[in-house]
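# Residue-level structure breakdown
Listed below, chain by chain, are the residues.
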Amino acid sequence: YPNLLLYFPAFLMLCGLTLDSAYKIFIFGVFLSLFFSTYFSINMITESKLPSTIAASLMVLSTPLFFSVYNMLSLGNFTAMIFMAPAICGAWGVVQLNDDSKSGFSWSLLFGGGFLGLVLTHTLSLFFVFLVCAIVMLPYIKNILNCKKIFIRILSTVAAVLVLSA
């Protein structure tokens with residue numbers, strides 16, 4: 001597993017904290033990051049605080065997250081959850097673009113940032129989210145192929161993720 005996010009608790013231990021304290025701070029940071037990444041992603045779609053807060057709260061209070069954190073201790077799995085919502089919401093936003101859209105960079109950043117985070121945290125979650133994004137994009141395949149702007153934006157985002165994660 002890639003260990004990008006594990007440098008934070010390692011740094012805390014180098015600063016003199018115990019393993020237990022560093023792990024608790026790390027878990028708190030993961031929960032906080034998950035809440036804000038989900039909130040921001042959903043807010044990009046709905047442009048409303050209430051649905052964004054509800055979605056972020058549901059994500060943080062989800063059973064799979066608690067099971068991963070407290071039963072399985074699968075660090076890669078629950079750190080990857082931080083990047084799932086941005087990747088999926090970014091995929092939805094990119095295919096919603098048209099030739100007149102000026103907000104394409106924000107959607108591409110969300111899409112690419114989500115996938116880059118998944119590449120650097122958990123490979124199995126990456127494949128799962130890739131399948132979900134393919135399902136999200138499938139109804140828009142005609143629009144993707146007909147609109148050069150969307151097609152080029154998707155290809156450049158994929159290229160950027162490949163270059164940054166190599």
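Look up: the structure comes first, before these words.
The residue numbers shown here count from 1 along each chain, following its written sequence. In keeping with the model being predicted, local features are shown solely for residues with a pLDDT of at least 70 and side-chain atom pairs are shown and tallied solely at 80 or more, while totals for entire chains, interfaces and linings include all residues. Here the side-chain values reflect all heavy atoms present in the structure, with hydrogen atoms and water set aside.

Here we come to the packing of helix α1 (residues 7-14) against helix α2 (residues 19-46). Only the contacting stretch of a helix is used when fitting its axis, a line to C-alpha atoms as for every element, and angles between N-to-C directions run 0 to 180 degrees. Per the convention used, a helix needs a DSSP run of H or I reaching at least four residues, while a strand needs a run of E reaching at least two, with both numbered from the N terminus. The N-to-C vectors of α1 and α2 enclose an angle of 145°; their axes lie 9 Å apart at closest approach. Where α1 crosses over α2, the handedness of that crossing is right-handed. Two secondary-structure elements touch here, α1 through F8, P9, L12 and M13 and α2 through L19, A22, I25 and F26. Three classes are used: nonpolar for Ala, Val, Leu, Ile, Met, Phe, Trp, Tyr, Cys and Pro, charged for Asp, Glu, Lys and Arg, and polar for all others, with Gly counted as polar. A class-by-class count of the residues in the contact of α1 with α2 yields eight nonpolar, no polar and no charged. Note on convention: near helix rotated counterclockwise from far helix by under a right angle means a left-handed crossing. Clockwise means right-handed. The contact rule is simple, with two residues in contact once any of their heavy atoms fall within 4.5 Å.

Where α2 meets helix α6 (residues 104-119), the closest approach of the two axes is 12 Å, and the angle between their N-to-C directions is 145°. Every pair of crossing elements has a handedness; the one defined by α2 and α6 is left-handed. Facing α2, whose interface residues are F40, S41, M44 and I45, α6 presents S106, W107 and L110.

What follows is about the side chain of S37. Tracing the sequence through the fold places S37 in helix α2. When a residue's accessible area, from a 1.4 Å probe over protein chains only, is under 20% of the maximum for its type it is buried; when over 50% it is exposed; and in between it is partly exposed. Assessed through its relative accessible area of 13%, S37 is described here as buried. Here a polar contact is taken to be a pair of N or O atoms separated by no more than 3.5 Å, where protein atoms must pair a possible hydrogen donor with a possible acceptor and residues adjacent in sequence count only if both atoms sit in side chains. Separated by 2.7 Å, the side chain of S37 and the backbone oxygen of I82 make a polar contact.

Counting 35 residues, the largest nonpolar core has F115 and L118 as the members making the most contacts within it. Secondary-structure elements contributing two or more residues to this core are α2, α3 (49-60), α4 (63-72), α5 (75-95), α6, α7 (123-137) and α9 (148-165). Top element by residues in this core is α5. It accounts for 11 residues. In this view, L118 contacts A80, F83, M84, A87, T123, S125, L126 and V129; residues no more than four positions away in its chain are not counted. To define a nonpolar core, start from buried Ala, Val, Leu, Ile, Met, Phe, Trp, Tyr and Cys residues and group those joined through side-chain atoms within 4.5 Å.

What counts as a ring pair is set by centres within 6.5 Å for rings of Phe, Tyr and Trp (its six-membered ring), and what kind of pair is set by the plane angle: stacked under 30 degrees, edge-to-face over 60, tilted for all other angles. Under the counting rule described, the total for this entry stands at seven aromatic pairs. On the basis of an interplanar angle of 15° and a centroid distance of 6.4 Å, the ring pair of F35 and Y39 is categorised as stacked. In this pair, F35 and Y39 are both assigned in helix α2, four residues apart and thus about one turn of the helix distant. Here F35 falls in the partly exposed class, since its relative accessible area comes to 22%. Here the aromatic residues F31, F66 and Y70 are joined through ring pairs into a cluster of three or more.

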